[in-house]
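Listed below, chain by chain, are the residues.
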Amino acid sequence: MTRARARGGVAARGPAAAPGPRLTRAALAVTSPRRLQARAEPAGVASAGPLAALRRAPWTALLVLLVGCGTPGYLLRAGWAEARLLLRRQPISQLLARPDLPSGLRERLELVLAVREFARGRLGLRAGDSYTTFAEVPRDATVYVVSAARRDRLEAYDWGYPLVGRLPYRGFFSRTAAERVAGDLAARDLDTEVRPALAFSTLGWFADPLLSSAAAEPPVAVAETVLHELWHATLFVPGAAAFNESSATFAGHRGAIAFFCAGPGADPGRCSEARRHWAAVRARGRVLEHLAARLRRLYAAAPPPALRERVRLRLARAAAQALARRGAGGRDDLLPPNNARLLGDLIYETRLGAFDALAPTDAELGPALAALAGAARGAADPFHALAALAREAERS
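I will try to describe carefully the structure that is included in this document. Values in this document were obtained by computation on a predicted structure and should not be read as measured data. (Residues numbered from 1 in each chain as written. Predicted model: local features only at pLDDT ≥ 70, side-chain atom pairs only at ≥ 80, totals over all residues. Heavy atoms only, no water.)

Considerations on the overall build of the protein
A count of helical and extended segments in the protein gives 16 helices and 9 strands. Expressed as a percentage of its 396 residues, the buried residues of the protein come to 58%. With an accessible surface of roughly 15,700 Å², the protein has 56% of that area assigned to carbon and sulfur atoms. (Helix = DSSP H or I, 4+ residues; strand = E, 2+ residues; numbered from the N terminus. Buried < 20%, exposed > 50% of the residue type's maximum accessible area, 1.4 Å probe, protein only. Areas by Shrake-Rupley, 256 points an atom, 1.4 Å probe, with all protein chains shown as cover.)

Take a look at the structure:
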């Protein structure tokens, strides 16, 4: 479910993730956003007829969701916007039967069907009917995710939602609305960020479509996105945004490696690309976690604001240089310093090494994901459950 700078998932790759939650799935703004990556030119298809789409719309579920929330106006607008998006869904099987379907889109749709079957069978993910449909969306990002944080500490501003708890982001279908909320938060002396999301998960409540924005991605990125979002439908821990999105980052990247290196999509070039992606994401996570640790020490010392900002800038520059050396980002990612942006990135890239240790080989990924889901459900701290599993994996 899910960032204004784009690299490559709330429950909305989103604000996992996004991308990148399980129970408020009707309102995309409450679900997990997948972070936006660089996009190729999209290949479009015409929308389905409105009457057929209306018959498939989950109106009852939408109305049930919107009852009892402390922000009914927001959820009503978000629910209506997402309903309109879901109305655009067309069965992929019908699209593939069209002789005039652009070849690039045909390849992506066939890939998505193969990846979801791999996820459902080999990896044991909850696929349901997700990614059996396609939805054409405008060329710009479908969802904009707002996040905010204190400037004098690494503490995210969060929002409360029914059933899923508190989450450090809020999604909008309108950039204007997102920037208005971000401006209000910035006026309260908070760091803020508005980022576009590539895809979203409704966490299994509805059959998520492949969006045209995601279909425009290269094949490896498409596979990573689908697997990332299907993990959200498989496991969601209320109020644990960093765990939900970071575990989805692991499932998406390692799942793509398994698919392209030893699975039904075996392809040496794409296998190498998937491995490079995962190595870069892990390297980025390590740099960001190191920066976060240094910033926490700085904020704990409570220096005067002017000194704090000078040191914060110096630390961010050093981290940006480290990212550039590792081919995992650059100056624009971390400069100027912004705690909301840093925390937004860490939601997707926390303790990736511990997740990776759960599956030393591709063949072990499915059992590792099953063990992770079982240990995290109901855990007081899912990262503690992850650490226990990682220690157990090291001993075996």
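Some remarks on the nonpolar core
In terms of nonpolar packing, the biggest core is built from 54 residues, with Trp-231 and Phe-243 touching the most fellow members. Top element by residues in this core is helix α9 (residues 241-262). It accounts for 9 residues. Sequence-distant contacts of Trp-231, defined by excluding residues within four places in its chain, comprise Leu-125, Asn-244, Ser-247, Ala-248, Ala-251, Leu-369, Leu-372 and Ala-373. Core analysis: the next-biggest nonpolar cluster, separate from the first, contains 23 residues, Ala-292, Leu-298, Ala-328 and Ala-340 among them. (Core = buried A, V, L, I, M, F, W, Y, C linked by side-chain atoms within 4.5 Å. Contact = heavy atoms within 4.5 Å.)

Looking at helix α16 (residues 382-395)
In an α-helix, one full turn covers 3.6 residues, which means residues spaced three or four apart are oriented alike. Compared with an ideal rise of 1.5 Å per residue, which puts 14 residues at 20 Å, α16 spans 20 Å between its outermost C-alpha atoms and is within 8% of the ideal. Looking at α16, one finds that the buried residues are Pro-382, Phe-383, Ala-385, Leu-386, Leu-389, Ala-390 and Ala-393. Buried residues along α16 cover an arc of 150° about the axis, so they all sit on one side. Opposite the buried face of α16, by more than 90 degrees, sit the exposed residues His-384, Glu-394 and Arg-395. In the core, the buried residues of α16 are packed alongside α9, α14 (352-357) and α15 (365-376). The N-capping residue of α16, defined by a side-chain oxygen 2.9 Å from the backbone nitrogen of Phe-383, is Asp-381. (Expected span 1.5 Å × (residues − 1). Arc of directions from axis to C-beta. Polar contact = N/O pair within 3.5 Å; in protein donor to acceptor, adjacent residues only side chain to side chain.)

Some details on the state of the cysteines
Summed over all chains, the structure comprises 1 disulfide. Between the sulfur of Cys-261 and that of Cys-271 lies a disulfide, 2.0 Å long from S to S. Given an S-S torsion of about 100°, the disulfide between Cys-261 and Cys-271 has right-handed geometry. Here Cys-261 is found in helix α9, whereas its partner Cys-271 is found in helix α10 (residues 268-300), with 10 residues between them in sequence. Residue classification places Cys-261 among the partly exposed residues on the basis of a relative accessible area of 21%. (Disulfide = S-S within 2.5 Å.)

Remarks on the environment of Pro-91
Relative to the elements of secondary structure, Pro-91 occurs in strand β2 (residues 90-91). With 44 residues separating them along the chain, Pro-91 and Ala-135 place their C-alpha atoms 9.1 Å apart.

Side note on the packing of α10 against helix α13 (residues 339-346)
Working note: a packed helix pair is described by the angle between its axes plus the distance between those axes. At a closest axis distance of 10 Å, the pairing of α10 and α13 adopts a crossing angle of 135°. Between α10 and α13, the crossing angle belongs to the class labelled oblique. For the element pair α10 and α13, the recorded crossing hand is left-handed. Only Asn-339, Leu-342, Asp-345 and Leu-346 of α13 make contact with α10, whose side of the interface consists of Arg-284, Leu-288, Glu-289, Leu-291, Ala-292, Leu-295 and Tyr-299. Of the residues contributing to the contact of α10 with α13, the split by class is 7 nonpolar, 1 polar and 3 charged. (Axes fitted to C-alpha atoms, helices over the stretch in contact; angles between N-to-C directions. Parallel < 35°, antiparallel > 145°, perpendicular 65-115°, else oblique. Left-handed = near helix turned anticlockwise from the far one by under 90°. Nonpolar A, V, L, I, M, F, W, Y, C, P; charged D, E, K, R; others polar.)

Some thoughts on the sheet that holds strand β3 (residues 133-135)
Strand order in the open sheet formed by 3 strands is β2-β3-β9, and the pairing between neighbours is mixed. With partners counted over all chains shown, the strands left at the sheet margins are β2 and β9 (210-211), one partner each. Of the pairings in the sheet, the one linking β2 to β3 comprises 2 bridges and is antiparallel in character. From the neighbouring strand, Pro-91 faces β3, where its bridge partner is Thr-133. (Pairing = 2+ DSSP bridges.)

With respect to the side chain of Ser-130
When you line up the elements, Ser-130 lands in the loop between α5 (103-121) and β3. Within the structure, Ser-130 has its side chain in polar contact with the backbone nitrogen of Asp-208 (distance 3.1 Å). Those residues in contact with Ser-130 that sit more than four places away from it in its chain are Arg-116, Phe-206, Ala-207, Asp-208 and Leu-230.

Observations regarding unusual backbone geometry
Following Leu-335, the chain continues to Pro-336 via a peptide bond in cis, the omega torsion being -5°. On the secondary structure map, Pro-336 appears in the loop between α12 (331-334) and α13.

Looking at the pattern of salt bridges
Scanning all chains against the criterion turns up 22 salt bridges. Residue Asp-345 is joined to Arg-284 by a salt bridge in which the shortest nitrogen-to-oxygen separation is 2.8 Å. Taken together, the residues span a long stretch of sequence, with Asp-345 in helix α13 and Arg-284 in helix α10 at a distance of 61 residues. Arg-284 sits in the buried class, given a relative accessible area of 3%. Put simply, Glu-309 and Arg-312 hold a salt bridge, and the shortest N to O gap is 3.1 Å. Placement of both Glu-309 and Arg-312 in helix α11 (residues 305-325) is noted, with a separation of 3 residues, approximately one turn of the helix. Looking at Glu-309, the relative accessible area reads 29%, which means it is partly exposed. Since its relative accessible area comes to 4%, Arg-312 is described here as buried. The structure contains a network of salt bridges with shared partners spanning Arg-151, Asp-189, Asp-191, Arg-308, Glu-309 and Arg-312. (Salt bridge = Lys/Arg side-chain N within 4 Å of Asp/Glu carboxyl O.)

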